[in-house]
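# Breakdown of the fold
Letter by letter, the chains look like this.
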Amino acid sequence: MVRSLKEIKKELENCRNEQEADAEGRVLVDLRVIDDNDFLSPYSTANHNVISDGVSDFIEHSLSDVPSEKPIHFRIYSDVITPEEQKEYTRAIHSHYADKYRQTCMEKKKLHGVALVMALVAVAALSFMIGIDIAGLRTEVFTEIVDIFAWVFMWEAVDIFFLECTMLRFRQRRYLRLADSVIEYLSLDKIGTYCGK
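Note that the structure is predicted; figures quoted are calculated from it, not measured.

## Some words on the pattern of salt bridges
- One pass over the full model with this rule turns up eight salt bridges.
- Taking the shortest distance from any N to any O, the salt bridge between Glu24 and Arg26 comes out at 3.3 Å.
- Classification of Arg26 as buried rests on a relative accessible area of 12%.
- The salt bridge involving Asp99 is made with Arg102; its shortest N-O contact spans 2.5 Å. Note that Asp99 and Arg102 are positioned in helix H3 (residues 83-135) at a spacing of three residues, about one turn of the helix.
- Relative accessible area serves as the criterion here: at 46%, Arg102 is assigned to the partly exposed category.

## Quick word on the pairing of strand E2 (residues 72-77)
- With respect to burial, E2 is a largely interior element, six of its six residues being buried.
- Bridge count between strand E1 (residues 27-32) and E2: six bridges; the pairing is parallel. Pairing of Leu31 across the sheet is with Ile76, part of E2.
- Once you follow E1 into helix H2 (residues 53-62) and on to E2, the crossover reads as right-handed.

## Let's talk about the confidence of the model for the chain
- Averaged over the chain, the pLDDT score is 88; the fraction of residues at 70 or greater is 94%.
- Per-element confidence in the chain is highest for strand E3 (residues 182-186), whose mean pLDDT is 95, and lowest for helix H1 (residues 5-17), whose mean pLDDT is 73.
- Taken together, the stretch residues 193-197 has pLDDT below 50 and engages in five contacts with residues farther than four places along the chain or on a different chain.

## Side note on the nonpolar core
- Counting residues in hydrophobic clusters, the biggest one holds 22 residues, and the most contacted among them are Ile51, Ile59, Leu63, Phe74, Ile76 and Ile93.
- Listing elements by their share of this core, those giving two or more residues are E1, H2, E2, H3, helix H4 (140-179) and E3.
- Of all the elements, H3 adds the most residues to this core, at four residues.
- Setting aside anything within four residues of it in sequence, one finds Leu63 in contact with Val29, Ile72, Phe74, Arg174 and Leu178.

## Focus on the sheet that holds E3
- A sheet is described by the order of its strands in space; here three strands give the open sequence E1-E2-E3, paired in parallel fashion. Since the sheet does not close on itself, it has two edges, and those belong to E1 and E3, each with one partner. The average angle at which neighbouring strand axes cross in this sheet is 20°, direction not considered.
- Relative to E3, E2 runs parallel, the two sharing five bridges. By the bridge assignment for E3, Phe74 is matched with Ile183.

About the criteria used
- Residues numbered from 1 in each chain as written.
- Predicted model: local features only at pLDDT ≥ 70, side-chain atom pairs only at ≥ 80, totals over all residues.
- Heavy atoms only, no water.
- Salt bridge = Lys/Arg side-chain N within 4 Å of Asp/Glu carboxyl O.
- Buried < 20%, exposed > 50% of the residue type's maximum accessible area, 1.4 Å probe, protein only.
- Helix = DSSP H or I, 4+ residues; strand = E, 2+ residues; numbered from the N terminus.
- Pairing = 2+ DSSP bridges.
- Right-handed = clockwise from strand over helix to strand, strands pointing away.
- pLDDT = per-residue confidence, 0-100.
- Contact = heavy atoms within 4.5 Å.
- Core = buried A, V, L, I, M, F, W, Y, C linked by side-chain atoms within 4.5 Å.
- Axes fitted to C-alpha atoms, helices over the stretch in contact; angles between N-to-C directions.

Here it is in structure tokens:
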């Protein structure tokens, strides 16, 4: 029997909305690791290892339908990760996302500075235009050019401050939750059934 697109969509929506939580209210996210050779990045600081970009991308993709403010509990199913590696991988995950949080904080400060400079340039250009108008030196073409120049800078400042910085705030929340996530390691035979299977 061929199912309608509406039925398939409804089933997928129900599956997505069924986010399981642990006793503390953390969203449970199940991951499976068959081969952990590339789990850690080949590069690290003197203080700690970090996870590889592939693992980071996979973790973030696994959280695509989890709200950024929700706390997270990872259940990593694997038969190849030793107890010593479990401790190291947990530290690496937490360190990686703590580092990413700090990077976004620096990026946000830079963006605030850029937005402020652009807003000041726009205000200066508009003030210059008003000064030309008061002095009686106004020409229509020059006034329009200065007006466009000022509004482009003001729009860029608004775009950076309200749009880009808002997106950074969402990422910061996600990184904080990942840096504070609970990570549990289980054997592959404990994998439960997945939604839709």
